[in-house]
Amino acid sequence: MTGDLFAALAREPSQERIVDGALLLRAFVDEQERARLLQAIAMVLEASPLRHMQTPGGFRMSVAMSNCGPYGWVTDRRGYRYQSLDPLTEQPWPPMPEAFLALAARAAGAAGFASFDPDACLINRYEPGARMSLHQDRNELDMAQPIVSVSLGLPATFLFGGLARSDKPRRMRLESGDVVVWGGPARLAFHGIDTLAEGEHALTGRCRYNLTFRRAR
């Protein structure tokens, strides 16, 4: 076992306020639930495989992505949007597993956002060298609904900025089982993931998975 794995197993759940409206729930997902989530991810990806999407500017994203739920987030030359069909399979996105829905609602409730019922879950796979540049989640219709982001596997550096791209972001280490929830005054905060470092995790191997729950419609 690596030192990172020993540290992750020894951690106790705790909460850390990032800014008003944003909360980091450390070790919120226990080891058994993490394993169940990985099994559910594998089932989703059998129906809608991971792919590297293209930005409207023509750049290939370093993060491999898929979706589940009634809506999926996609990007291509036509822009960023949600749609009900997977453009790769031309079929509806796979249903959101009950384990996903239960976790998203529980985490949102712990952060003060009651009755969260997501209709979209983005599944992102980061391999060493992948990153997500600072961005806002602003394609959703109801900005009163929070964002719930779950980390599984390799640790990553989460960047959480302000309402302007130029605001200097805070840097926070996310371990497997950590969950970040933001909404209210922080709903449109810029955020991202710094370049993922090389590593090996007992749960996911040489990668990190991120589940991002949203209410798209």
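Residues numbered from 1 in each chain as written. Predicted model: local features only at pLDDT ≥ 70, side-chain atom pairs only at ≥ 80, totals over all residues. Heavy atoms only, no water.

Peer 1: Hey, could you go over the confidence of the model for the chain for me, with residue numbers and the actual values?
Peer 2: The share of residues in the chain with pLDDT of 70 or more is 95%, and the mean pLDDT across the chain is 95. Segment residues 1-8 is flagged for pLDDT under 50; beyond a separation of four residues in sequence, or across chains, it makes 7 contacts in the model. (pLDDT = per-residue confidence, 0-100. Contact = heavy atoms within 4.5 Å.)

Peer 1: Summarise helix 3 (residues 98-110); cite the residues concerned and give the values.
Peer 2: The first and last C-alpha atoms of helix 3 sit 18 Å apart over 13 residues, in line with the 18 Å expected at 1.5 Å per residue. Listed as buried for helix 3 are Phe100, Leu103, Ala104, Ala107 and Ala108. End-on view of helix 3: buried residues confined to an arc of 125°, all on one side of the axis. Glycine 112 occupies a position one or two residues after helix 3 and carries a positive phi of about 95°. (Helix = DSSP H or I, 4+ residues; strand = E, 2+ residues; numbered from the N terminus. Expected span 1.5 Å × (residues − 1). Buried < 20%, exposed > 50% of the residue type's maximum accessible area, 1.4 Å probe, protein only. Arc of directions from axis to C-beta.)

Peer 1: Just give me the short version of the pattern of salt bridges, but keep the residues and values in it.
Peer 2: Opposite charge on two side chains permits pairing when their charged atoms draw close. What the rule picks out here adds up to 17 salt bridges. When the shortest N-O distance is used, the salt bridge between arginine 106 and glutamate 33 registers 3.0 Å. Linking arginine 106 in helix 3 with glutamate 33 in helix 2 (residues 31-47), this pair joins segments that are 73 residues apart in sequence. When its relative accessible area of 10% is taken as the criterion, glutamate 33 is described as buried. For glutamate 127, the salt bridge identified is with arginine 125, shortest N-O distance 3.7 Å. Under the relative-accessibility criterion, glutamate 127 is labelled partly exposed at 36%. Note on arginine 125: relative accessible area 23%, which makes it partly exposed. Through salt bridges that share partners, Arg11, Glu16, Arg26, Arg170 and Asp178 make up one connected network. (Salt bridge = Lys/Arg side-chain N within 4 Å of Asp/Glu carboxyl O.)

Peer 1: Break down the side chain of asparagine 124 for me, citing the residues and quoting the values.
Peer 2: By secondary structure assignment, the location of asparagine 124 is in strand 6 (residues 120-126). Since its relative accessible area comes to 4%, asparagine 124 is described here as buried.

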